[in-house]
Amino acid sequence: MSLRNITIILILLANILFSCSKNTDEKPDVVINIEVSKNGYNPNHIEVKRGQVVLFRIKALDEGIGDDYSQSVYGHCFYILPPYDVMVQNIKKGETKQVKVKMVYPGKVLFTCPYCSGIFPTKGELIIK
Ligand SMILES: [Cu+2]
């Protein structure tokens, strides 16, 4: 086996281990409902405890970046920045999408809608204590 192949396998294994640390089959300890619109996220300040499994339920109140569903991007997103790097894409107006995250990394982490945060105040902070 070549060094290149070994490197690729190691990178794949690291990705699997990394994703297992935040993705989980465990039942959620907390459910957090968030609404997103051109006015931003509500709430936009969220505090959780380290180690908790949190189910984020994100509802889009408006069409966000657009409602042309033939495009690759539309609606709003919910993106928790690294080290979490968790993305929920294309939430249509009136739709709720959810993602479960184990809060393994402490500190302050931002979340945002990469589609429209340049235009609208779609940003928030997540405090993991
Ligand atoms: Cu958005």
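Residues numbered from 1 in each chain as written. Predicted model: local features only at pLDDT ≥ 70, side-chain atom pairs only at ≥ 80, totals over all residues. Heavy atoms only, no water.

Asks: Help me understand the pattern of salt bridges in this model?
Replies: Any two side chains of opposite charge can pair, given that their charged atoms come close. Evaluated as defined, the whole model comprises four salt bridges. With its nearest N and O atoms 2.8 Å apart, the salt bridge here joins K102 to E26. Here K102 is found in strand 7 (residues 96-102), whereas its partner E26 is found in the loop between helix 1 (3-22) and strand 1 (30-37), with 76 residues between them in sequence. A residue is classified by how much of its surface remains accessible, and K102, at 22% relative accessible area, is partly exposed. Salt-bridge contacts for K129 lead to E47; the nearest nitrogen and oxygen are separated by 2.9 Å. With K129 in the segment after strand 9 (123-128) and E47 in strand 3 (residues 45-48), this residue pair connects regions lying 82 residues apart in the sequence. Residue E47 is classed as partly exposed on the basis of its relative accessible area of 45%. (Salt bridge = Lys/Arg side-chain N within 4 Å of Asp/Glu carboxyl O. Helix = DSSP H or I, 4+ residues; strand = E, 2+ residues; numbered from the N terminus. Buried < 20%, exposed > 50% of the residue type's maximum accessible area, 1.4 Å probe, protein only.)

Asks: Which parts of the structure should I look at to understand the sheet that holds strand 5 (residues 76-80)?
Replies: Strand pairing in a sheet relies on backbone hydrogen bonds, with the paired strands running either antiparallel or parallel. Spatially, five strands are ordered 3-9-8-5-6 in an open sheet, and the strand pairing comes out mixed. Only two strands of the sheet have a single neighbouring strand rather than two, namely strand 3 and strand 6 (86-91). Strand after strand, the sheet turns through a mean of 15° between neighbouring axes, direction not considered. Pairing between strand 8 (residues 107-112) and strand 9: six bridges, direction antiparallel. Residue pairing in the sheet places F111 in a bridge with G124 of strand 9. (Pairing = 2+ DSSP bridges. Axes fitted to C-alpha atoms, helices over the stretch in contact; angles between N-to-C directions.)

Asks: Explanation requested: the coordination of the copper ion in the structure shown.
Replies: Put simply, a metal with four donors set out as a tetrahedron has ideal angles of 109.5 degrees, and one with six donors set out as an octahedron has ideal angles of 90 or 180 degrees. At 2.0 to 2.2 Å from the copper ion lie its protein donor atoms, namely H76 (ND1), C113 (SG) and C116 (SG). Site description for the copper ion: donor spacing in sequence, H-x36-C-x2-C. Like C113, the residue C116 is buried in the burial classification. (Donors = N, O, S within 2.8 Å, 3.2 Å for Na, K, Ca; no water.)

Asks: Explain the pairing of strand 8 here, please?
Replies: Strand residues, when the strand is regular, have side chains that alternate between the two faces of the sheet. Two strands pair when backbone bridges link them, and strand 5 and strand 8 are joined in this way by two bridges, in the antiparallel orientation. Counterpart to Y79 in the pairing with strand 8 is T112.

Asks: Mind showing me how you'd approach the sheet that holds strand 1 here?
Replies: Spatial strand order, 2-1-4-7: four strands in an open sheet with mixed pairing. In this open sheet, the two edge strands, each paired with only one partner strand, are strand 2 (40-42) and strand 7. Neighbour-to-neighbour, the strand axes of this sheet turn through a mean angle of 25°, independent of strand direction. Across three bridges, strand 1 lies against strand 2 in antiparallel orientation. When the sheet's bridge partners are listed, V36 is paired in strand 2 with Y41.

Asks: How should I be thinking about the nonpolar core in this particular structure?
Replies: What tends to happen in soluble globular proteins is that the nonpolar side chains get buried as a cluster. If you look at the biggest cluster of nonpolar residues, it comprises 28 residues, and the most contacted ones within it are F56, I58, F78, I80, Y84 and M103. Mapped by element, the contributors of at least two residues to this core are strand 1, strand 3, strand 4 (53-60), strand 5, strand 6, strand 7, strand 8 and strand 9. Sorting elements by how many residues they give to this core places strand 4 first, with four residues. If sequence neighbours within four positions are ignored, M103 has contacts with V48, K49, R50, G51, Q52, V54, F56, Y84, L126 and I128. (Core = buried A, V, L, I, M, F, W, Y, C linked by side-chain atoms within 4.5 Å. Contact = heavy atoms within 4.5 Å.)

Limitation: the analysis is restricted to geometry and does not speak to function.
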